[in-house]
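Residue-level structural notes
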Amino acid sequence: MNEKQRLEQQIINKNPSDIKSEKDQDLERIKSTSSDEMIAKYFQTTYQAPNMKDAKKRGKQDTQVHYDFEIPEDMKNIGEGKKFLIRTYGCQMNEHDTEVMAGILADMGYETTYDQQEADIILLNTCAIRENAENKVFGEIGHLKSLKRENPDLILGVCGCMSQEESVVNRILQKHQFIDLIFGTHNIHRLPQLLKEALFGKEMVVDVWSKEGDIIENLPRQRKGNIKAWVNIMYGCDKFCTYCIVPFTRGKERSRLPEDIIQEVRHLAAQGYKEITLLGQNVNAYGKDLDMEYGLGDLMDEIHKIDIPRVRFTTSHPRDFDDRLIEVLAKGGNLLDHIHLPVQSGSSEVLKIMNRRYTRERYLDLVRKIREAMPNATLTTDIIVGFPNETEEQFQETLTLVEEVGFEGAYTFIYSPREGTPAAKMQDNVPQEVKKERLQRLNAVVNHQAAQAMSKYEGEVVEVLVEGESKNNPDVLAGHTYRNKLVNFRAPKSMIGQIVPVKITKAKTWSLDGEMVETAEVR
Ligand code: SAH
Ligand code: SF4
Ligand code: F3S
């Protein structure tokens, strides 16, 4: 019998009443030698680890919708006089999850703080999309160790997409045992219960569901501002692009019911919000999992009639972008003239290995259709360089596609292998210097096109939603145009939250400078 089998046998033979007292001594030994399943059995309620194979499964059963979320009675005032801080990494989905967790904590009596010294709870809402995103989080975990030493009552939690990865949870269990709580993206609604276990139990609480949960409708939200708001329309992703971790960390596609979304948007409009962004990893697949003939186009058509000045949506997948949606977007009004349409590569061969399920030609056809229906629309995209086996010619196809479409902005990335994804099994064989050089060449083209698009605005008057003070200068206000261009201009602070006409005086690559004007012809 080897050491691992011996330990497993010991756990099986234990009398449950002895377990509590022996847990502490055995914890270290068991963690390093026993199997996940055995640890799970031993720690019962406090250990549920992720499993990437389970995360990949797509079950047939329908997603249930619940409207009965409640903070348990004994946790309602637990946070009184205490403060929390949530650090958010990654995409808008995570930003919005943070608003939900902040809402739950506020309902338990906790207050927000931005000063980690005075926080009683610190949560890291993490992103797993690329290796450097993960490295940032591990760096931060390292920094937090000394804070925990100074204040042992501090609760440190790791949640979000990294928690859904087996390797990350194992690394925290082995190397960062001062973390109190790990939970994933599917069980945010259990935060009160998990926090209770972390506050009153001794061991690290690990509760990560590999299978996505149901939709919980009535979660509280503490929104970050009162001008712009996120609205989830669906969760998860079924596309399984070969490089991407998201289908594993966010589970299968689940659409919220149209009436629930519309009610939320109406409510935000009534509260005075000026802009909403409909959120999903692949919003064009909205409704496919619902038992009705209803898609994103239909939903947008209804939202179009709601009295809220601006409606955006992200992120679109070219594959499911249908004619009905184009027809509705062409109606304009509050549906803004900006489409973020990730292409990833301009080479049909690379797209095939990426499992994007469209070719260069089909993408260009879609762009043509969009331009015909919405001649003024801004198009932006996401691109990956250095995917396994990407040749110089294939990369050049990406450059020519960027020029042909005339993207006015792009998020560009170097390919980063993600454990558990199909591409991670391919050889990551484009040398790092080549990847960097391709990224630079691509960025040069993107920047040039962005600057050109901006220069057309000089002397024009645009309508800007004033979102607040500019990041770099509190005397200057900042906001975005209908086509999502950032504008900085001087105006009284009382204009924050209004849509105002601004005359553009100077165009830069990524922003415009201007002056507020009375009224005039706007574009
Ligand atoms: N659902 C969105 C994308 C979410 S991830 C969509 O399909 O468009 C945001 C971007 O990160 C992706 O569009 C892709 O360009 C990039 N990305 C995802 N996985 C990556 C990886 N393994 N390496 C590098 N970039 C990646
Ligand atoms: Fe990832 Fe592809 Fe899904 Fe986007 S569509 S989240 S890139 S798998
Ligand atoms: Fe990152 Fe998860 Fe979003 S991996 S990009 S936070 S869905």
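To keep things clear, this report deals only with the structure shown in the data block. (Residues numbered from 1 in each chain as written. Chains lettered and ligands numbered in written order. Predicted model: local features only at pLDDT ≥ 70, side-chain atom pairs only at ≥ 80, totals over all residues. Heavy atoms only, no water.)

Observations concerning the sheet that holds strand β21 (residues 499–507)
- Read around the barrel, 5 strands follow the order β18-β19-β20-β22-β21 and close on themselves; strand pairing throughout is mixed. Averaged over all neighbouring strand pairs, the angle between strand axes comes to 50°, with direction disregarded.
- Taken together, the 4 bridges between strand β19 (residues 477–480) and strand β20 (residues 486–490) define a ladder with antiparallel strand orientation. Within β20, the position partnered with Leu477 by the bridge is Phe489. (Pairing = 2+ DSSP bridges. Helix = DSSP H or I, 4+ residues; strand = E, 2+ residues; numbered from the N terminus. Axes fitted to C-alpha atoms, helices over the stretch in contact; angles between N-to-C directions.)

Some details on the pattern of salt bridges
- Taken as a whole and judged by the stated rule, the model has 35 salt bridges.
- Across the pair Arg87 and Glu140 runs a salt bridge whose closest N-O atoms are separated by 2.4 Å. Placement of Arg87 in strand β3 (residues 83–88) and of Glu140 in helix α6 (residues 131–150) is noted, with a sequence separation of 53 residues between them.
- Judged by relative accessible area, Glu140 falls into the buried class, the value being 13%. (Salt bridge = Lys/Arg side-chain N within 4 Å of Asp/Glu carboxyl O. Buried < 20%, exposed > 50% of the residue type's maximum accessible area, 1.4 Å probe, protein only.)

Some points on the site of ligand 2
- In the vicinity of ligand 2, the contacting residues are Cys237, Lys239, Phe240, Cys241, Tyr243, Cys244, Val246, Pro247, Gln281, His317 and Arg356.
- Considered class by class, the residues forming the shell around ligand 2 number 7 nonpolar, 2 polar and 2 charged. (Near = heavy atom within 4 Å. Nonpolar A, V, L, I, M, F, W, Y, C, P; charged D, E, K, R; others polar.)

Thoughts on helix α8 (residues 191–200)
- Residues of α8 that are buried: Leu191, Pro192, Leu194, Leu195 and Ala198. For α8, the arc enclosing every buried residue in end-on projection is 160°, short of the 170-degree limit, so these residues lie on one face.
- In the core, the buried residues of α8 are packed alongside α5 (92–107), β5 (121–126), β6 (155–160), β7 (181–183) and β8 (205–207). (Arc of directions from axis to C-beta. Contact = heavy atoms within 4.5 Å.)

Section: the sheet that holds strand β10 (residues 228–232)
- Here we have 3 strands laid out as an open sheet, ordered β10-β13-β14, and parallel in their pairing. Every interior strand has two partners, whereas the edge strands, β10 and β14 (310–314), have only one. The average undirected angle you get between the axes of adjacent strands in this sheet is 25°.
- Two elements, β10 and strand β13 (residues 275–279), share 5 bridges in a ladder whose sense is parallel. If you follow Lys228 over to β13, its bridge partner there is Glu275.
- The sheet contacts of α5 involve β10, β13 and β14, and relative to β10 the element is tilted by about 100°.
- Packed onto the sheet, helix α11 (residues 296–304) meets β13 and β14 and runs at close to 160° relative to β14.

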